[in-house]
Each structure stands twice: as C-alpha cells, then as structure tokens.
Amino acid sequence: MKTATDTAATPAEPSGAAAATSTTTSTAIEIHGLHKSFGDLEVLRGIDFTIAPGEVVCVIGPSGSGKSTLLRCANLLEQPSAGRVVVGGTDITDPDVDIDRVRRRIGMVFQQFNLFPHLSVLENLTIAQRRVLRRGKAESVHAARENLARVGLADKESSYPSQLSGGQQQRVAIARALSMNPELMLFDEPTSALDPELVGDVLSVMRGLADEGMTMMVVTHEMGFAREVADRVVFMDGGVIVEEGTPDEVLGNPQHQRTRSFLARILHPNDTPATDTP
C-alpha cells in the first residue's frame with residue numbers, strides 16, 4: 001500500500017444516533033453482504049470487501065456488472081436493498097445516521113462533470129464550501145485556488161465551464177471535490193466522457209492524488225492506470241466480485257476465465273473474442 005503525507009482534514013465527530021454506530025477503525029470503507037435490486041433486476045448479489053486508508057482500489061468489469069451501482073451505494077446515492085456500508089467506522093446504512101454529515105467526508109467524481117454552467121470555475125468550487133461547510137468567503141476562495149493549482153488550472157478560475165475542454169472540466173470537478181477536504185475519493189468512470197487525447201491530464205491528476213496518499217475507489221476501464229496506480233484491482237461481473245488482488249495478479253495472471261475473457265476484449269479488441277466459461 002502506498003504511504004504519503006495525509007492531506008485530508010480531521011473529520012467531524014458524529015453526534016446523536018450516528019455516534020452509536022461509529023467506532024475506531026483501520027478501514028476507510030467496509031462493505032458487508034451488499035445487495036441492490038431495481039425492481040426484479042438484481043444488480044448487486046452479495047458484495048463483501050474493505051478499503052484501507054491510503055489504499056487505491058480500481059474496480060473493473062464489463063458494462064452492467066454493477067460497478068457504478070456499488071460505487072453509488074458506497075455513499076448512499078443508491079440505497080442498498082440489503083447489507084451494510086461502513087465509512088470511517090460509521091454504519092451509513094443505519095437509518096438514524098446523518099448521511100449528509102458523513103458525505104462531507106467523501107468526494108465523488110462522476111462520468112459527467114456536473115458543473116454549474118452559469119457559475120465561474122472559482123464559484124463552482126466555493127459554493128458547496130460556503131453552503132455545506134459554512135466557510136467564509138476568504139477561506140473558501142483560498143481552498144479553491146489551492147486545489148485549482150493542484151489540478152493544474154490556476155489560470156482558469158474566471159472561466160466558465162463552456163470555455164473549457166472536457167478534460168479541464170473534469171479536473172475542475174476533481175478540484176471541487178478536493179476543496180471539501182474529503183478523506184475518501186470515489187471516481188465513477190471519470191474519463192469515459194472524454195476524447196482520448198484529454199484522458200491523460202485527468203489520469204495524471206489522479207496519479208498525483210494517489211501519490212499523496214488519498215484513499216480512492218475508482219471504477220475504470222483504464223487498464224494502464226489500474227496497473228500503474230492501484231494497490232488492488234477488483235474484477236466484477238454479474239453483480240459479484242469474481243476476482244481481486246494486486247494489479248500483477250488480476251491483470252497479469254488472472255485466475256478466472258471470466259476475468260481472462262474480459263481482459264482479452266479490453267486489451268486486444270481486434271482479436272477473436274474468447275468464450276466465457278460459466
């Protein structure tokens with residue numbers, strides 16, 4: 001696991017009923033027996049795994065395997081049908097937990113950038129700080145500028161989203177999440193909406209976060225990034241974890257035919273596709 005200087009802010013202590021479900025823990029996320037169904041469609045079918053502080057976990061798998069649903073359940077953007085999600089010692093599936101308070105500790109970056117088009121870059125980075133964290137203007141602006149510099153966009157604070165490339169907009173979205181001082185970053189296919197020539201800058205920012213010791217859970221099809229940056233790779237298919245291990249283990253020497261078949265399609269798309277074995 002990578003080690004680096006911890007740049008996250010000290011989390012607020014839970015109160016009320018939330019305090020009863022919070023314990024000292026050495027894990028950033030614990031997922032126990034997670035199921036998620038949409039009507040009759042069972043998308044997650046019993047997920048169990050943990051992420052340690054400072055660990056980078058890349059989740060890979062075919063479309064429809066449940067990767068994004070798993071990520072969205074990790075901060076309760078999707079309500080699990082069954083199971084538990086524990087973030088920093090707090091069971092966020094406890095109905096009495098103040099989920100908004102827990103979410104302040106989690107940064108989320110989506111496929112789409114979700115920037116406010118009528119606000120400047122600087123305003124996009126300060127609005128949540130002021131409304132959610134109740135920071136003053138000067139403190140919010142300072143954090144915003146610091147994180148814009150962190151993603152290489154210090155000169156774009158007065159620009160509007162429409163004036164930026166897709167890669168720049170995604171880096172602004174990352175800077176916005178970082179401005180909330182998260183302990184944990186969740187990335188849902190952050191480069192999938194980008195033109196190929198713009199992907200590198202976003203991945204470079206994410207590599208930098210990993211080097212700083214940021215805890216990260218990344219749903220991605222970027223196998224090169226997973227091989228280079230991840231401490232652990234999780235392969236999902238059919239709503240279950242099929243295989244997990246180090247990048248060398250999962251990407252270099254996969255043990256399951258489903259993993260091998262998926263990697264063959266991703267890494268060698270022009271070859272004759274392998275046949276999955278049940």
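Residues numbered from 1 in each chain as written. Predicted model: local features only at pLDDT ≥ 70, side-chain atom pairs only at ≥ 80, totals over all residues. Heavy atoms only, no water.

A.B. asks: Explain the pattern of salt bridges to me, using residue names and the numbers behind them.
C.D. replies: Applying the stated criterion to the full structure yields twelve salt bridges. For Arg 72, the salt bridge is made with Glu 78, and the minimal N-O distance between the two is 3.6 Å. (Salt bridge = Lys/Arg side-chain N within 4 Å of Asp/Glu carboxyl O.)

A.B. asks: Give me the nonpolar core: which residues, what numbers.
C.D. replies: Among the nonpolar cores identified, the biggest contains 47 residues, and Ile 60, Ile 174, Met 185, Phe 187, Met 206, Met 216 and Leu 251 are the most heavily contacted of them. In terms of residue count, helix α7 (residues 196-212) provides more of this core than any other element does, seven residues in total. For Leu 251, the contacting residues outside a window of four places in its chain are Ile 60, Met 223, Ala 226, Arg 227, Val 233 and Leu 263. Within the second largest apolar cluster, 29 residues are counted, among which are Val 57, Leu 71, Ile 99 and Val 234. (Core = buried A, V, L, I, M, F, W, Y, C linked by side-chain atoms within 4.5 Å. Buried < 20%, exposed > 50% of the residue type's maximum accessible area, 1.4 Å probe, protein only. Helix = DSSP H or I, 4+ residues; strand = E, 2+ residues; numbered from the N terminus. Contact = heavy atoms within 4.5 Å.)

A.B. asks: Outline the packing of helix α4 (residues 121-131) against helix α6 (residues 166-178), supporting the account with residue identities and numerical values.
C.D. replies: Two elements in contact, α4 and α6, have axes whose closest approach is 9 Å; the angle formed by their N-to-C orientations is 30 degrees. In terms of orientation, α4 and α6 fall into the roughly parallel class. Where α4 crosses over α6, the handedness of that crossing is right-handed. Within the contact between the two elements, α4 uses Val 121, Asn 124 and Leu 125 and α6 uses Val 172, Ala 175 and Arg 176. Of the residues contributing to the contact of α4 with α6, the split by class is four nonpolar, one polar and one charged. (Axes fitted to C-alpha atoms, helices over the stretch in contact; angles between N-to-C directions. Parallel < 35°, antiparallel > 145°, perpendicular 65-115°, else oblique. Left-handed = near helix turned anticlockwise from the far one by under 90°. Nonpolar A, V, L, I, M, F, W, Y, C, P; charged D, E, K, R; others polar.)

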